[in-house]
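Coordinate inspection notes
Take a look at the letters that make up each chain.
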Amino acid sequence: AQSVTQLGSHVSVSEGALVLLRCNYSSSVPPYLFWYVQYPNQGLQLLLKYTSAATLVKGINGFEAEFKKSETSFHLTKPSAHMRDAAEYFCAVSDRSGIGNEKLTFGTGTRLTIIP
Amino acid sequence: DTGVSQDPRHKITKRGQNVTFRCDPISEHNRLYWYRQTLGQGPEFLTYFQNEAQLEKSRLLSDRFSAERPKGSFSTLEIQRTEQGDSAMYLCASSSPGQGNYGYTFGSGTRLTVV
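Read on for a plain summary of the structure. (Residues numbered from 1 in each chain as written. Chains lettered and ligands numbered in written order. Predicted model: local features only at pLDDT ≥ 70, side-chain atom pairs only at ≥ 80, totals over all residues. Heavy atoms only, no water.)

**Details of the overall build of chain A**
- Helices and strands together make up the secondary structure of chain A, namely 0 helices and 11 strands.
- Along chain A, helices (α) and strands (β) appear in the sequence β-β-β-β-β-β-β-β-β-β-β when read from the amino end.
- The C-alpha atoms of chain A give a radius of gyration of 14 Å, which matches the 13 Å a tight globule of 116 residues would have.
- Across chain A, every contact between residues at least 6 apart in sequence was considered, and the portion connecting residues at least 24 apart equals 57%.
- Accessible area of chain A: about 5400 Å², with a carbon and sulfur share of 53%.
- Averaging the coordinates of the 10 positive side-chain charges in chain A and doing the same for the 8 negative ones gives two points 2 Å apart. (Helix = DSSP H or I, 4+ residues; strand = E, 2+ residues; numbered from the N terminus. Rg over C-alpha atoms; globule rule 2.2 N^0.38 Å. Contact = heavy atoms within 4.5 Å. Areas by Shrake-Rupley, 256 points an atom, 1.4 Å probe, with all protein chains shown as cover. Lys, Arg positive; Asp, Glu negative; His and termini not counted. Charge placed at Lys NZ, Arg CZ, Asp CG, Glu CD.)

If you want it as structure tokens, here you go:
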């Protein structure tokens, strides 16, 4: 069974500061890993994904994440926070064993607040 | 490509009533997924279709829940005899062949409130 753990249900950073949202995964097979963002009363938008190519993955809106197998982590970072980054962020895992296993298992989310 | 469309956006219903939600996926996407998101939680997988075939159902999908995807296009999710615990955001997503593991496209969701 796969799972992800997001450390910190709420994170606050000042505008212009570094954003770091933590995600650790557990998977019996090499995983696919994703970060999604959700704005209030909206669906989820894919920020970035790790699918076994480069371990440092760049996504939209200046976000990036690094896959570290030794630490079973996939933390999300952004060098300089903007007010528009305030949202809920979800880490998710999917295994790559093939058809029928494409469902995502999500973490409980991290609410990011940006302090002006 | 108009994205994944869900209708209605909001639904308030009395306990015991039946409700039906609709999802229109991106037209060329053959896979369609339903997730449920309760307050303060991440989305949880309910079921998924490849074309018109329902290939997997979560144990979360009790016998009061039924999903269909006639003709492999839009999908409906029906909840019979709603309970207060059914209050949640119901999210639909779609993906094209082989894309599933590369990230879906989600709709904006239907927020259900059972009173």
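**Details of the overall build of chain B**
- Counting secondary structure elements, chain B contains 0 helices and 11 strands.
- The order of α-helices and β-strands along chain B, N terminus first, is β-β-β-β-β-β-β-β-β-β-β.
- Expressed along its principal axes, the backbone C-alpha trace of chain B runs to roughly 40 × 25 × 20 Å.
- For chain B, with 115 residues in total, the buried portion stands at 50%.
- Split by element, the accessible area of chain B, about 5600 Å² in all, is 43% carbon and sulfur.
- With 14 positive and 12 negative side-chain charges, chain B shows a separation of 5 Å between the mean positions of the two kinds. (Buried < 20%, exposed > 50% of the residue type's maximum accessible area, 1.4 Å probe, protein only.)

**Things to note about the pairing of strand 3 (residues 19-26) of chain A**
All names here are of chain A.
- Where burial is concerned, the two faces of strand 3 differ: the one with Val19, Leu21, Cys23 and Tyr25 is buried and the one with Leu20, Arg22, Asn24 and Ser26 is not.
- Sheet topology note: the strand 1 (residues 3-7)/strand 3 ladder contains 5 bridges and is antiparallel. Across the sheet, Gln6 pairs through a bridge with Cys23, a residue of strand 3.
- Summarising the sheet, strand 3 and strand 8 (residues 73-78) pair through 4 bridges and their orientation is antiparallel. Note on strand 8: the bridge partner recorded for Leu21 is Leu76. (Pairing = 2+ DSSP bridges.)

Geometric descriptors of this kind do not, in isolation, establish any biological role.
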